[in-house]
Amino acid sequence: MSQETDILEEVTSGEYKYGWVSDIEQEIIPIGLNEDVVRLISAKKNEPEFMLEWRLKAFRQWEKMKEPTWANVHYPPVDFQSISYYAAPKKKKELQSLDEVDPELLRTFDRLGISLDEQKRLSGVAVDAVIDSVSVATTFRHKLAELGVIFCSMSEALQEHPELVRKYLGSVVPAADNYYAALNSAVFSDGSFCYIPKGVRCPMELSTYFRINAANTGQFERTLIVAEEGSYVSYLEGCTAPMRDENQLHAAVVEILALDNAEVKYSTVQNWYPGDKNGKGGIYNFVTKRGLCAGRKSKISWTQVETGSAITWKYPSVVLKGDNSVGEFYSVAVTNNFQQADTGTKMMHIGKNTRSLIVSKGISAGKSQNSYRGLVRINKTAKNARNFSQCDSLLLGDKCGAHTFPYLEISQKDSVVEHEATTSKIGEDILFYCNQRGLDTEEAVSLIVNGFSREVLNQLPMEFAVEAQKLLAISLEGSVG
Amino acid sequence: MLQIKNLHASVDGNEILKGVDLEIKAGEVHAIMGPNGSGKSTLASVLAGREDYDVTEGSITFEGQDLLELAAEERAREGIFLAFQYPVEIPGVSTVNFLKTALNEIRKHRGQDSIDAIDFLQMMRQKMSLVEIDEKLIKRSLNEGFSGGEKKRNEIFQMAMLEPKFAVLDETDSGLDIDALRIVAGGVNKLRSLNNSFLVITHYQRLLEYIVPDYVHVLSGGKIVKSGGKDLALELEEKGYDWVRTELTADAEA
Ligand SMILES: Nc1ncnc2c1ncn2[C@@H]1O[C@H](COP(=O)(O)OP(=O)(O)OP(=O)(O)O)[C@@H](O)[C@H]1O
Ligand SMILES: [Mg+2]
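The residue count restarts for each chain, going from 1 along the sequence in the order it is written. Following the order in which they are written, the chains are lettered starting with A and the ligands numbered starting with 1. A pLDDT threshold of at least 70 governs which residues receive local features in this predicted model, and a stricter bar of 80 or more applies before side-chain atom pairs are shown or counted, although totals over entire chains, interfaces and linings include all residues. Computation of side-chain values: all heavy atoms of the structure, hydrogens and water removed.

### Observations concerning the overall build of chain A
Reasoning step 1: Think of it this way: any DSSP run of H or I at least four residues long counts as a helix, any run of E at least two long counts as a strand, and we number them from the N terminus. Helix and strand counts for chain A stand at 12 helices and 23 strands.
Reasoning step 2: Here chain A, with 481 residues, has 63% of them falling under the buried criterion.
Reasoning step 3: To be clear on the numbers: accessible area is Shrake-Rupley with a 1.4 Å probe, and residue cover counts the displayed protein chains and nothing else. Accessible surface computed for chain A: about 18100 Å², of which carbon and sulfur atoms make up 49%. Each residue is placed in one exposure class: buried if its accessible area under a 1.4 Å probe, protein chains only, is under 20% of its type's maximum, exposed if it is over 50%, and partly exposed if it falls in between.

Right, dumping it as structure tokens:
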């Protein structure tokens, strides 16, 4: 038995691959947070007046709020005054095209495996790249504009489409929704904005890559997706950060609004720096993601592959308001070494005949703790609502933990709610079986983990499924140079 | 091809194999019979390189090299195959996918490139018909929800695909219906050649009517206590293991 644990320990102690720091000229404001900082951020971004008011209101509410403590994660208190709330690559002038972007920056994205140039030319994926706090490049914008699709950074949206931002910002996640959301509302520096007009099926994947580069900064991006009647969009975000000994805070907000018959697929491959083998450093990932199925027969689907971060606190939810609307949540969360993840979803059924599906796969290795926390609420108005939840945990070794916290709040008796949960271990017998067929243990673990996560990986767009599959293997293996 | 000399093996400090000697030449089929708990599966596991079995004494040589030096996956790549008595289930991984990974590992070891998708498909078709396995079955998650007999048939299918030099079949016949037994045995016979050899562990003489062995051995109490030709199996079926035991004590007293 101990031998088995040794083997697993060996193969599960891989190194983080994206931990380098780019040497980019940056502008960073002094650490600390007060009203003046909020004003400064807004001024730097040359924002319309309403935006500053919105931020200040959020900030004042945040000051009165308390950090939540109910999650199954443990960390020393965050000192919000020791963080810088704005860092941006220095721009000499307004950029006209990608060719004018700092070459070091382009190299950064190359090393991340996201060549903005290549992406632009070869694949049908539009990319918005956000480094530290600011969007540095959005590709394919003009092609999308021909269809009326707006895909740009939040800062640009505030300049070019202030009326749209004003109308929808905070409509799904109110400014002071929770502690981290309120903080984000006050200080968010950028993010992506995406608007799909009535009846348009967005012909390409929209994708944003977030990268934290600067030290002692927090990243607070805010993403807003609006899908008008009968429209469709598939959106993907990816994230990485350098290895640093101190913890860094990431508190993002994502809002999705789907009107009648609209469908939004949102996929995340989250690979923030998880800290080292001894639990030093890593990103605190405190994120609020919510979708509102406002229209009839609308559908919002969250898919997440969570491999990074020291601490993850994240519950992508769907409010099923429109009749016959559908919410889905597919998640793979991997924790290794000393990582802690408390993640899951909330499905709030309000409309009639609303349906939700939850598929959660938790994989724990090392000394990590992995919790699924999910709420299914069926309101009185949600006649004939249905939910099915499947929560599976896979343990590698015997020093890690898997926990499941399903909450049900049901006020409508003709609803059907089902929950299934399993916990399994990669045992010595399975490893031996694989070894006997010629697979070494690393390969066996990777094969088993990918098999375990299959249902979720299948939800990802093809090109990202392959990436995610590799990422899962890397997060669990010692094969990274 | 394979020489086992004075093999002693224990698990968790309990000695299970207490001095096994066995030599298997290329092209031969050996059968091992013996009472429950006598150490047959233990011998199979030790040959395949399971780590929680400690070899305390003796040696195993495979094609001139010290097998005990090699990890389980290295032995597999060298051409050793074990059809498990209790095959495991791997959710989300199809037999096809699993075999492709395994086959490519073996090829890599031999310095060959990964198999081309079309060649692989062709090879699968051919081996599928050899063991008459349904395509639907091998597209499903490996062994998940398979019936006992389906799992056994899948083991033989994997063997056919990986083309080992030396294969151990641990009670592959138990759980098979009469037709399946005939098909599986037929598959093994078609794979038999002058270059590869088999060690067939079974409780039933019936299997040995289909897969006719060159030698039959009786393993009892961790030792091979009797060896003979294929007729030994018949004799055993008739007289039971007590017969071997009494014969042994008689020998010892004489
Ligand atoms: N971990 C262990 N600790 C102690 N004894 C063990 C352990 N594993 C196996 N054994 C014992 O070793 C002996 C040999 O087991 P093995 O599985 O090799 O028998 P077998 O000949 O294959 O039996 P069967 O015909 O029932 O398949 C049995 O008595 C078994 O209980
Ligand atoms: Mg046995």
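### Regarding the interface of chain B and chain A
Reasoning step 1: Any two residues whose heavy atoms approach within 4.5 Å at even a single point are treated as in contact. The interface is formed by 31 residues belonging to chain B together with 20 residues belonging to chain A.
Reasoning step 2: Together, the buried faces of chain B and chain A total about 2200 Å²; carbon and sulfur atoms form 62% of this surface.
Reasoning step 3: By definition, a salt bridge exists where a carboxyl oxygen of Asp or Glu is found within 4 Å of a side-chain nitrogen of Lys or Arg. One can count two salt bridges joining chain B with chain A.
Reasoning step 4: Linking R50(B) and E428(A) is a salt bridge whose minimum nitrogen-to-oxygen distance equals 2.6 Å. The term buried area refers to how much accessible surface (probe radius 1.4 Å) is lost by two components on association, counted for both of them together.

### Looking at the site of ligand 1
Residues and elements named next belong to chain B.
Reasoning step 1: Residues in close proximity to ligand 1 total 15 residues, the closest being G37, K40, S41, T42 and H203.
Reasoning step 2: One of the side-chain nitrogen or oxygen atoms of T42 is found 2.5 Å away from an oxygen atom of ligand 1.
Reasoning step 3: Notes on ligand 1: free accessible area 650 Å², of which the protein chains cover 64%.
Reasoning step 4: Contributing elements (two or more residues each) for the shell around ligand 1: β2 (14-24) and α1 (40-48).
Reasoning step 5: The residue makeup of the shell around ligand 1, split by class, is three nonpolar, nine polar and three charged. For this purpose, a residue is taken to be near a molecule or strand whenever a single non-hydrogen atom of the residue falls within 4 Å of it. For this analysis, a polar contact is any N or O atom pair within 3.5 Å, provided that within protein one partner can donate a hydrogen and the other can accept it, and provided that sequence-adjacent residues contribute only side-chain to side-chain pairs. Residues are grouped as follows: Ala, Val, Leu, Ile, Met, Phe, Trp, Tyr, Cys and Pro are nonpolar; Asp, Glu, Lys and Arg are charged; all remaining types, including Gly, are polar.

### Some points on empty space enclosed by the protein
All names here are of chain A.
Reasoning step 1: A pocket, in this scheme, is an open set of points on a 1 Å grid over the protein atoms alone with protein on both sides within 12 Å along at least 5 of 7 lines, while a cavity is a set where a 1.4 Å probe fits but cannot get out; residues line either one if an atom lies within 4 Å of a point. Grid points are joined across faces, edges and corners, and a volume is the space filled by probe spheres set on the points. Counting across every chain of the model gives five cavities of 30 Å³ or more.
Reasoning step 2: The calculated volume of the largest cavity comes to roughly 120 Å³.
Reasoning step 3: Together, 18 residues line the largest cavity, and S360, G362, N370, S371 and Y372 are the ones closest to its centre.
Reasoning step 4: Of all the secondary-structure elements, those providing two or more residues to the lining of the largest cavity are β17 (326-335), β18 (340-349), β19 (355-364), β20 (369-378), β21 (386-395) and β22 (401-410).
Reasoning step 5: The biggest single contributor to the lining of the largest cavity is β19, with four residues.
Reasoning step 6: Residue composition of the lining of the largest cavity, grouped by class: five nonpolar, 11 polar and two charged.

### Describing the coordination of the magnesium ion (ligand 2)
Residue and element names in this part refer to chain B.
Reasoning step 1: Coordinating donors are taken to be N, O and S atoms lying within 2.8 Å of the metal, or within 3.2 Å when the metal is Na, K or Ca; because water is excluded from the atom set, some sites may appear incomplete. Coordination of the magnesium ion (ligand 2) by the protein involves S41 (OG) and Q85 (OE1), with metal-donor separations of 2.0 to 2.2 Å. In this pair, S41 is assigned in helix α1 and Q85 in the loop between β6 (80-83) and β7 (90-94), connecting sequence segments 44 residues apart.
Reasoning step 2: For Q85, a relative accessible area of 17% puts it in the buried group.

### Brief notes about the environment of L169(A)
Residue and element names in this part refer to chain A.
Reasoning step 1: You can see L169 is positioned in the loop between α8 (162-168) and α9 (179-187).
Reasoning step 2: The class of L169 is buried, set by a relative accessible area of 8%.
Reasoning step 3: Non-local contacts of L169, meaning those with residues more than four positions away in its chain, are made with M51, W54, M154, R222, L224 and E255.

### Points about the confidence of the model for chain A
All names here are of chain A.
Reasoning step 1: With 79% of its residues at a pLDDT of at least 70, chain A reaches an overall mean of 82.
Reasoning step 2: Per residue, pLDDT measures the predictor's confidence, with a range of 0 to 100. Here residues 1-5 is a poorly scored stretch, pLDDT under 50, and it has nine contacts once near neighbours within four places are set aside; other chains count.
Reasoning step 3: Contacts for the low-pLDDT stretch residues 118-124, under 50 throughout, to residues beyond four places or in other chains number 12 contacts.

### Points about the side chain of S10(B)
Reasoning step 1: Relative to the assigned elements, S10(B) resides in strand β1 (residues 2-11).
Reasoning step 2: If we ignore the near neighbours within four places in the chain, the residues touching S10(B) are E15(B), I16(B), D52(B), Y53(B), D54(B) and T56(B).

### Notes on the pattern of salt bridges
All names here are of chain B.
Reasoning step 1: On inspection of all chains with the given rule, the structure shows 27 salt bridges over all chains.
Reasoning step 2: For K165, the salt bridge identified is with E63, shortest N-O distance 2.9 Å. Taken together, the residues span a long stretch of sequence, with K165 in the loop between α6 (148-162) and β9 (166-170) and E63 in the loop between β4 (53-62) and β5 (65-66) at a distance of 102 residues.
Reasoning step 3: You can call K165 partly exposed: its relative accessible area is 32%.
Reasoning step 4: Given the relative accessible area of 43%, E63 is considered partly exposed.
Reasoning step 5: The closest approach of N and O atoms between R192 and D214, which form a salt bridge, is 4.0 Å. Within this pair, whereas R192 is found in the loop between α7 (178-191) and β10 (197-201), its partner D214 is found in the loop between α8 (205-210) and β11 (215-220), the two being separated by 22 residues in sequence.
Reasoning step 6: Assessed through its relative accessible area of 26%, R192 is described here as partly exposed.

### Details of α6(B)
Residue and element names in this part refer to chain B.
Reasoning step 1: A helix is expected to span 1.5 Å for every residue after the first. Given a rise of 1.5 Å per residue, 15 residues ought to cover 21 Å, and the 22 Å separating the end C-alpha atoms of α6 matches this to within 8%.
Reasoning step 2: The buried count for α6 comes to 13 of 15 residues, which makes it a mostly enclosed element.
Reasoning step 3: Of the residues one or two after α6, E163 is the one with positive phi, at around 45 degrees.

### Observations concerning the sheet that holds β5(B)
Residue and element names in this part refer to chain B.
Reasoning step 1: The criterion for strand pairing is that DSSP finds at least two bridges linking the strands in question. Read from one edge to the other, the open sheet built from four strands follows the order β2-β1-β4-β5, with strand pairing classed as antiparallel. The open sheet has two free edges, formed respectively by β2 and β5, since each of these has just one partner strand.
Reasoning step 2: In this structure, β1 lies alongside β4, joined through eight bridges in antiparallel fashion. Looking across to β4, one finds that A9 is bridged to V55.

### Some points on the packing of helix α2 (residues 35-44) of chain A against helix α3 (residues 49-64) of chain A
All names here are of chain A.
Reasoning step 1: Close contact between α2 and α3 brings their axes to 10 Å; oriented N to C, the two are set at 155 degrees. Comparing the axis directions of α2 and α3 gives the class roughly antiparallel. Classified by chirality, the crossing of α3 by α2 is right-handed. Between α2 and α3, the residues in contact are E35, V38, R39, I41 and S42 and L52, R55, L56, F59 and R60, respectively. Note on method: axes are straight lines fitted to C-alpha atoms, helices fitted across the in-contact stretch only, with angles between N-to-C directions ranging 0 to 180 degrees. Here the word oblique covers every angle except those under 35 degrees (roughly parallel), over 145 (roughly antiparallel) and from 65 to 115 (roughly perpendicular). We call a crossing left-handed when the near helix sits turned anticlockwise from the far one by less than a right angle, and right-handed when that turn is clockwise.

### With respect to the packing of aromatic side chains
For any pair of aromatic rings, the description rests on two quantities: the centre-to-centre distance and the angle between the ring planes.
Residue and element names in this part refer to chain A.
Reasoning step 1: Two aromatic rings, drawn from Phe, Tyr or Trp (for Trp, its six-membered ring), form a pair once their centres lie within 6.5 Å of each other, and the interplanar angle then sorts them: stacked below 30 degrees, edge-to-face above 60, tilted otherwise. This structure, assessed with the given rule, holds 21 aromatic pairs over all chains.
Reasoning step 2: Consider the rings of W62 and F80, whose centres lie 5.4 Å apart with planes at 80 degrees: the pair is edge-to-face. Of this pair, W62 sits in helix α3 while F80 sits in the loop between α3 and β2 (87-89), and the two are 18 residues apart along the sequence. As far as the burial class goes, W62 and F80 line up, both buried.
Reasoning step 3: A ring pair is formed by Y235 and Y266, whose centres lie 4.9 Å apart and whose planes are at 25 degrees; its orientation type is stacked. Residue Y235 is located in strand β9 (residues 232-240), and its partner Y266 is located in strand β12 (residues 263-270); the two are separated by 31 residues in the primary sequence.
Reasoning step 4: Given a relative accessible area of 0%, Y235 falls into the buried group.
Reasoning step 5: Owing to a relative accessible area of 1%, Y266 belongs among the buried residues under this scheme.
Reasoning step 6: Among the aromatic residues, those joined into a ring-pair cluster are F59, W62, W70, Y75, F80, Y179, Y180, Y284, F286, W313 and Y315.

### A closer look at helix α9 (residues 231-239) of chain B
Reasoning step 1: The set of residues buried in α9(B) consists of L232(B), A233(B) and L236(B). The arc that holds every buried residue of α9(B), seen down its axis, measures 100 degrees, which confines them to one face. What the arc measures is the spread of directions leading from the helix axis to the C-beta atoms.

### Concerning the side chain of K361(A)
All names here are of chain A.
Reasoning step 1: Position of K361 among the secondary structure elements: in strand β19.
Reasoning step 2: Side-chain polar atoms of K361 contact the backbone oxygen of F452, separated by 3.5 Å.
Reasoning step 3: At 3.1 Å, the side chain of K361 and the side chain of E455 are in polar contact.
Reasoning step 4: Apart from residues no more than four positions distant in its own chain, K361 is found in contact with S331, V332, A333, D392, F452, S453, E455 and V456.

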